[in-house]
Amino acid sequence: MSPACHTSALLLVFMALAVAGAEQSEERSCDVIGDESSESQMERALLKKLEPLSHMRFNVTVEKGKTENYVYHFRVCREVNSTTHDFGGLVQTDRQNGKTTVIGRINETQVFNGSDWIMLIYKGGDSYGRHCSGEKRRAVIMISCKRGVTASSFSIISEEREKEQECFYLFEMDSNVACPAENSHLSVGSILLITFVSLIAVYIIGGFLYQRLIVGAKGMEQIPHFAFWQDLGNLVADGCDFVCRSKPRNAPAAYRGVGDDQLGEESEERDDHLLPM
């Protein structure tokens, strides 16, 4: 084999190894049960909503007497052990003998939600054996809303294995990903008020800078439209006088004033009875 062919062969081998390594390093994610075309928009949205939890690992230990001593390992839409490629999303490990049992697999996922919770179901786990008619295990994880917490309080609630069918492991945890979007607490009136105040502030500050820096005004003349605001009181008074007065301006007053001429007339009338008849 020529040196050129040998070099080309080595390059092909390295490229194949690089591609294989990239495929192995890429973690698998949840695959909803059914064809990809049958996934609903709601399921895709919920899986997207759970994505912030996919890089976290959760463990809980359960000990019941001397016969049951297990550790449950859980990941959200990722394999617990990506090297085994068993799609195990929730795995049970027996602490006494090290045996691992897949409770549910991410390639058989169901997901749905309510107002403040998301339920994630992994099906297709290892067989029960003598329990539950030998059906495959299933993990149900209830994720409840808790604002301000990315994820906490992962725990197992119960294992239902005394039935003939539909047995399951029930887990729960808290996370803010299950919370509904918070509505704005500002009313329409508050928003309009904030907008109005902001516009007034821009008008005053911008007008002041313009008058001072561009026009070169000093003192009170730096106030934008100073002449207008100075006459505003008179304009308002004229407007009220025009709108509120019901009689013409030249009509006599409806009341008698206490003038000097009226006082003089009254004094003369009061002295008439003192004159001789």
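Preceding this section is the structure that the text describes.
Residues numbered from 1 in each chain as written. Predicted model: local features only at pLDDT ≥ 70, side-chain atom pairs only at ≥ 80, totals over all residues. Heavy atoms only, no water.

What follows is about the packing of aromatic side chains. Taken as a whole and judged by the stated rule, the model has 10 aromatic pairs. Between Phe74 and Tyr122, the aromatic rings sit 6.1 Å apart at their centres with planes inclined by 50°, giving tilted as the arrangement. Remark: Tyr122 occurs in strand E5 (residues 117–124) and Phe74 occurs in strand E2 (residues 68–75); sequence separation between them is 48 residues. Side by side, Phe74 and Tyr122 carry an identical accessibility label, which is buried. A ring pair is formed by Tyr128 and Tyr169, whose centres lie 6.2 Å apart and whose planes are at 5°; its orientation type is stacked. (Phe/Tyr/Trp six-rings, centres within 6.5 Å; stacked < 30°, edge-to-face > 60°. Helix = DSSP H or I, 4+ residues; strand = E, 2+ residues; numbered from the N terminus. Buried < 20%, exposed > 50% of the residue type's maximum accessible area, 1.4 Å probe, protein only.)

Relative to E2, strand E1 (residues 57–64) runs antiparallel, the two being bridged by eight bridges. Bridge pairing in E2 places Lys64 opposite Glu68. Linkage of E1 to E2, two consecutive antiparallel strands, is achieved through a turn of three residues, within which Gly65 is found at a positive phi near 65°. (Pairing = 2+ DSSP bridges.)

Counting across every chain of the model gives three disulfides. Covalent S-S linkage joins Cys30 and Cys77, the inter-sulfur distance amounting to 2.1 Å. Here Cys30 and Cys77 share a disulfide; its torsion about the S-S bond, -100°, makes the bridge left-handed. Residue Cys30 is located in the loop between helix H1 (3–25) and helix H2 (41–49), and its partner Cys77 is located in the loop between E2 and strand E3 (88–94); the two are separated by 47 residues in the primary sequence. (Disulfide = S-S within 2.5 Å.)

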